[in-house]
Amino acid sequence: MELRFDFAQDNAHTGFRLAHFEWYNWGTFDRAVFSLDLKRENALLTGDIGSGKSTVVDALTTLLVPHNRIVYNKAAGAESRERTLYSYIVGEYKSVKDDIFGTAKATSLRDAAKTFSVLSARFENEGFDEQMTLAQFFWIGSNHQVQKFYVTSQGSLCIKDGFFGFDDVRELKKRLRKLPHTAVYDTFREYAADFRRVMGIRNEQALNLFYQTVSLKSIGNLTEFIRSHMLEPGEINTKVDEVCHNFAELNRAHNLILEAQRQIELLTPIEKAAVKYAADDAERKRIAKMRSTLEPFFAKKRIA
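Residues numbered from 1 in each chain as written. Predicted model: local features only at pLDDT ≥ 70, side-chain atom pairs only at ≥ 80, totals over all residues. Heavy atoms only, no water.

Caption draft 1: Main features of the pattern of salt bridges. Summed over the entire model, instances satisfying the criterion amount to 14 salt bridges. Between Asp-37 and Lys-39 there is a salt bridge whose closest N-O contact spans 2.7 Å. One connected set of salt bridges, linked through shared partners, spans Arg-40, Arg-122, Glu-124 and Glu-126. (Salt bridge = Lys/Arg side-chain N within 4 Å of Asp/Glu carboxyl O.)

In structure tokens, the structure reads:
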């Protein structure tokens, strides 16, 4: 008998699957909302070098993984942080060398003080007729630092309807909070806890594994890959050091106990001798006292 969910035609789309993904002002995708309508199906992203494949992958990764863990452009084989969240928001696309100072300066598509970026992805669970939309809103603050907030909605929330037409960010956040089944967060931890709860992702390690396997180019040693990315950190070296330390403490305590037992064995005869000596000394004093009374006793007899 085949097991099926209540609303699903079959088990092909089990669980939450990406149905629609869109982004605005992200990297070289400038001043327009771009989207991928996946309809919960698997997708193959292809294109020429520099067409923006890694940019799209980084956008999706940003929605699901803490930003401080991401090495952007990793899908293209980057080993260092050659791209950043800031560079994606302002749309840096090339570096121009200064002939006077000999330094390179990034050229951007957008003015940092006047731009904002939005990422949004809708996941659907056909079996239980559920939806979960994840969105992140970015802008550049006065100190040139990236500012952001996070949104979860158990419904459909598109960029044009939800994030356009606002005067300031506080007004936008207030407007979003009024939407049904929608929450706005200032930290990734709260945002991730919300969507993980709804989507049934019990372990944070699952998202880390997702990030590690994005456009994976080489697994290398399979055992090391599983230990590093699919299992919780074991901290085995710390555990071994702790066991060794505890064993050393127990061994020292055991040796002290053996030493005490040996001392007791050596002191037991002395204790017995001391008890006998005390008894004999008491008897000697008693006899000496009796002896001291003999002379007056016989003197009294002679007088009588």
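Caption draft 2: Spotlight on the pairing of strand 8 (residues 182-185). Burial of the side chains of strand 8 extends over both faces: Thr-182 and Val-184 are buried on one face and Ala-183 and Tyr-185 on the other. Pairing geometry for strand 7 (residues 146-153) and strand 8, over four bridges, is antiparallel. Each bridged residue has a counterpart across the sheet, and for Val-151 the counterpart in strand 8 is Val-184. (Buried < 20%, exposed > 50% of the residue type's maximum accessible area, 1.4 Å probe, protein only. Helix = DSSP H or I, 4+ residues; strand = E, 2+ residues; numbered from the N terminus. Pairing = 2+ DSSP bridges.)

Caption draft 3: The arrangement of the packing of aromatic side chains in detail. A full pass over the atoms with the stated rule returns 23 aromatic pairs. Note on Phe-137 and Phe-166: the rings are 5.6 Å apart at their centroids and 75° apart in plane angle, and the pair reads as edge-to-face. Taken as a pair, Phe-137 in strand 6 (residues 130-140) and Phe-166 in the loop between helix 3 (159-163) and helix 4 (169-177) lie far apart in primary sequence, 29 residues in all. The class for Phe-166 is partly exposed, based on a relative accessible area of 22%. Taken together through their ring pairs, the aromatic side chains of Tyr-24, Phe-116, Phe-137, Trp-139, Phe-149, Phe-163, Phe-164 and Phe-166 make up a single cluster. (Phe/Tyr/Trp six-rings, centres within 6.5 Å; stacked < 30°, edge-to-face > 60°.)

Caption draft 4: Geometry of the layout of surface pockets. Its volume calculated, the largest pocket comes out at about 780 Å³. In this structure, the largest pocket is lined by 25 residues; those nearest its centre are Leu-18, Leu-38, Leu-60, Phe-123 and Phe-210. Contributing elements (two or more residues each) for the lining of the largest pocket: strand 1 (17-26), helix 1 (53-64) and helix 6 (204-213). If one sorts the elements of the lining of the largest pocket by residue count, helix 1 sits on top with five residues. By volume, the second largest pocket amounts to about 400 Å³. Among the elements of the structure, helix 1, helix 2 (85-90) and strand 3 (92-97) are those that each provide at least two residues to the lining of the second largest pocket. Top contributing element to the lining of the second largest pocket by residue count: strand 3, with four residues. In terms of residue class, the lining of the second largest pocket is built from five nonpolar, 10 polar and five charged. (1 Å grid on protein atoms, 1.4 Å probe; cavity = no way out; pocket = protein on both sides within 12 Å on 5 of 7 lines; lining within 4 Å. Points joined across faces, edges and corners; volume = space filled by probe spheres on them. Nonpolar A, V, L, I, M, F, W, Y, C, P; charged D, E, K, R; others polar.)

Caption draft 5: Representation of helix 4 in the model. Looking at helix 4, one finds that the buried residues are Val-169, Leu-172, Lys-173 and Leu-176. What you see down the axis of helix 4 is that its buried residues fit within an arc of 95°, all on one side. Those residues of helix 4 that are exposed and aimed more than 90 degrees away from the buried face are Arg-170 and Lys-174. Of the surrounding secondary structure, the elements contacted by the buried residues of helix 4 are strand 6, strand 7, helix 3 and strand 8. With a side-chain oxygen lying 3.1 Å from the backbone nitrogen of Arg-170, the N-terminal cap of helix 4 falls on Asp-168. (Arc of directions from axis to C-beta. Contact = heavy atoms within 4.5 Å. Polar contact = N/O pair within 3.5 Å; in protein donor to acceptor, adjacent residues only side chain to side chain.)

Caption draft 6: Seen up close, the sheet that holds strand 2 (residues 29-37). The strand order 2-1-5-6-7-8 describes an open sheet built from six strands, whose pairing is antiparallel. Of all the strands in the sheet, just strand 2 and strand 8 have a single pairing partner and so form its edges. Sheet twist, expressed as the mean angle between neighbouring strand axes with direction ignored, is 10°. Judged from the seven bridges that link them, strand 1 and strand 5 (residues 116-125) form a sheet pairing that is antiparallel. When the bridges of strand 5 are listed, Leu-18 appears paired with Phe-123. (Axes fitted to C-alpha atoms, helices over the stretch in contact; angles between N-to-C directions.)

Distances and angles like these do not, on their own, reveal function.
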